[in-house]
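# Structural features, examined
Residue-level listing of the chains:
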Amino acid sequence: MPDDKAIHQILMDLADAKTWPENFKRNLDQGIDVRREMKEADKKIEGFEKHAKQLMQTLGCTNPKTRSIYQGMADMLINWHTFVDDLD
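Please read all numbers here as calculations on a predicted model, not as lab measurements.

Here the focus is the overall build of the chain. Of regular secondary structure, the chain possesses three helices and zero strands. N-terminal to C-terminal, the α/β element order of the chain is α-α-α. Summarising its shape, the C-alpha atoms of the chain cover approximately 45 × 20 × 15 Å along the three principal directions. Looking at the 88 residues of the chain, the share that counts as buried comes to 30%. Considering only contacts within the chain whose residues lie at least 6 apart along the sequence, 72% involve residues at least 24 apart. Summing over all exposed atoms, the chain offers an accessible surface of approximately 6,100 Å²; the carbon and sulfur share of this is 51%. In the chain, the 13 positive side-chain charges and the 16 negative ones have mean positions that sit 4 Å from each other.

Right, dumping it as C-alpha coordinates:
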(Lines give C-alpha, C1' and ligand atoms only; values in the text may rest on other atoms or scores of the structure.)
Protein backbone atom coordinates (compact mmCIF):
# COMPACT_ATOMS: atom_id res chain seq x y z
CA MET A 1 0.00 0.00 0.00
CA PRO A 2 1.49 3.40 -0.95
CA ASP A 3 2.16 5.75 1.91
CA ASP A 4 0.55 9.17 2.27
CA LYS A 5 3.82 10.86 1.30
CA ALA A 6 3.84 9.15 -2.13
CA ILE A 7 0.21 10.06 -2.69
CA HIS A 8 0.77 13.66 -1.62
CA GLN A 9 3.81 13.90 -3.92
CA ILE A 10 1.97 12.64 -7.01
CA LEU A 11 -0.91 15.02 -6.30
CA MET A 12 1.56 17.92 -6.02
CA ASP A 13 3.33 16.85 -9.23
CA LEU A 14 0.03 16.62 -11.10
CA ALA A 15 -1.10 20.03 -9.83
CA ASP A 16 2.23 21.57 -10.79
CA ALA A 17 2.18 20.01 -14.26
CA LYS A 18 -1.34 21.36 -14.76
CA THR A 19 0.16 24.88 -14.70
CA TRP A 20 2.82 24.19 -17.33
CA PRO A 21 0.68 24.99 -20.38
CA GLU A 22 -0.05 28.47 -19.04
CA ASN A 23 3.66 29.09 -18.52
CA PHE A 24 4.50 27.80 -21.99
CA LYS A 25 1.80 30.00 -23.54
CA ARG A 26 3.24 33.05 -21.80
CA ASN A 27 6.73 32.26 -23.08
CA LEU A 28 5.46 31.56 -26.60
CA ASP A 29 3.60 34.88 -26.60
CA GLN A 30 6.90 36.55 -25.76
CA GLY A 31 8.57 34.81 -28.70
CA ILE A 32 10.62 32.41 -26.58
CA ASP A 33 11.39 29.05 -28.18
CA VAL A 34 10.18 26.41 -25.74
CA ARG A 35 10.21 23.33 -27.98
CA ARG A 36 12.94 21.58 -26.01
CA GLU A 37 11.23 22.33 -22.69
CA MET A 38 7.91 21.10 -24.08
CA LYS A 39 9.46 17.80 -25.14
CA GLU A 40 10.89 17.38 -21.63
CA ALA A 41 7.53 18.29 -20.11
CA ASP A 42 5.77 15.75 -22.32
CA LYS A 43 8.10 13.01 -21.05
CA LYS A 44 7.53 14.07 -17.43
CA ILE A 45 3.78 14.07 -17.96
CA GLU A 46 3.96 10.53 -19.33
CA GLY A 47 5.91 9.54 -16.23
CA PHE A 48 3.41 11.21 -13.89
CA GLU A 49 0.56 9.45 -15.68
CA LYS A 50 2.29 6.07 -15.38
CA HIS A 51 3.07 6.60 -11.70
CA ALA A 52 -0.49 7.79 -10.97
CA LYS A 53 -1.93 4.72 -12.67
CA GLN A 54 0.33 2.45 -10.62
CA LEU A 55 -0.72 4.14 -7.38
CA MET A 56 -4.41 3.93 -8.30
CA GLN A 57 -4.09 0.25 -9.14
CA THR A 58 -2.42 -0.42 -5.80
CA LEU A 59 -5.00 1.60 -3.86
CA GLY A 60 -7.98 0.01 -5.58
CA CYS A 61 -11.06 1.58 -7.07
CA THR A 62 -12.96 2.07 -3.80
CA ASN A 63 -10.25 4.08 -2.05
CA PRO A 64 -11.07 7.81 -1.89
CA LYS A 65 -7.42 8.62 -2.56
CA THR A 66 -7.75 6.85 -5.92
CA ARG A 67 -10.43 9.34 -6.93
CA SER A 68 -8.21 12.27 -5.94
CA ILE A 69 -5.31 10.92 -7.99
CA TYR A 70 -7.60 10.17 -10.93
CA GLN A 71 -9.06 13.69 -10.88
CA GLY A 72 -5.61 15.27 -10.65
CA MET A 73 -4.33 13.14 -13.51
CA ALA A 74 -7.38 13.88 -15.67
CA ASP A 75 -7.12 17.64 -15.07
CA MET A 76 -3.43 17.63 -15.91
CA LEU A 77 -3.89 15.59 -19.08
CA ILE A 78 -6.81 17.71 -20.29
CA ASN A 79 -4.80 20.92 -19.80
CA TRP A 80 -1.75 19.48 -21.51
CA HIS A 81 -3.50 17.95 -24.50
CA THR A 82 -5.71 21.01 -25.02
CA PHE A 83 -2.56 23.16 -25.05
CA VAL A 84 -0.73 20.87 -27.48
CA ASP A 85 -3.77 20.56 -29.75
CA ASP A 86 -4.18 24.33 -29.86
CA LEU A 87 -0.60 24.67 -31.12
CA ASP A 88 -1.34 22.68 -34.27
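That shown, we press on.
By convention here, two paired aromatic rings are described through the distance between centres and the angle between planes. Per the counting criterion, the structure on display carries four aromatic pairs. Geometrically, the ring pair formed by W20 and F48 is tilted, given 6.1 Å between the ring centres and 45 degrees between the ring planes. Here W20, found in helix α1 (residues 4–29), pairs with F48, found in helix α2 (residues 35–59); they are 28 residues apart in sequence, far enough to count as distant. Given the relative accessible area of 17%, F48 is considered buried. Ring geometry for F24 and W80: centres 6.0 Å apart, planes at 65 degrees, overall edge-to-face. Note that F24 is positioned in helix α1 and W80 in helix α3 (residues 64–87), a separation of 56 residues in sequence. Just as F24 is buried, W80 falls in that class too.

Rules behind the numbers
- Residue indices follow the written sequence of each chain, beginning from 1 at its first position.
- pLDDT decides what is reported in this predicted model: residues at 70 or higher carry local features, side-chain atom pairs at 80 or more are listed and counted, and totals for whole chains, interfaces and linings draw on all residues regardless.
- Side-chain metrics rest on all non-hydrogen atoms present in the structure, leaving aside hydrogens and water.
- Under the DSSP-based scheme used, a helix requires at least four consecutive residues in state H or I and a strand at least two consecutive residues in state E, with every element numbered from the N terminus.
- Only protein chains enter the area calculation, which uses a 1.4 Å probe; residues under 20% of their type maximum are buried, those over 50% are exposed, and those in between are partly exposed.
- Working rule for contacts: check all heavy atoms of both residues, and any pair within 4.5 Å makes them a contact.
- Methods summary: accessible areas were calculated by the Shrake-Rupley approach with a probe of 1.4 Å, and residue burial reflects only the protein chains presented.
- We score Asp and Glu as negative and Lys and Arg as positive, and we do not count His or the chain ends.
- Lysine's charge is taken at NZ, arginine's at CZ, aspartate's at CG and glutamate's at CD.
- Aromatic rings from Phe, Tyr and Trp, taking only the six-membered ring of Trp, are treated as a pair when their centres fall within 6.5 Å; an angle between ring planes under 30 degrees marks them as stacked, one over 60 as edge-to-face, and anything in between as tilted.

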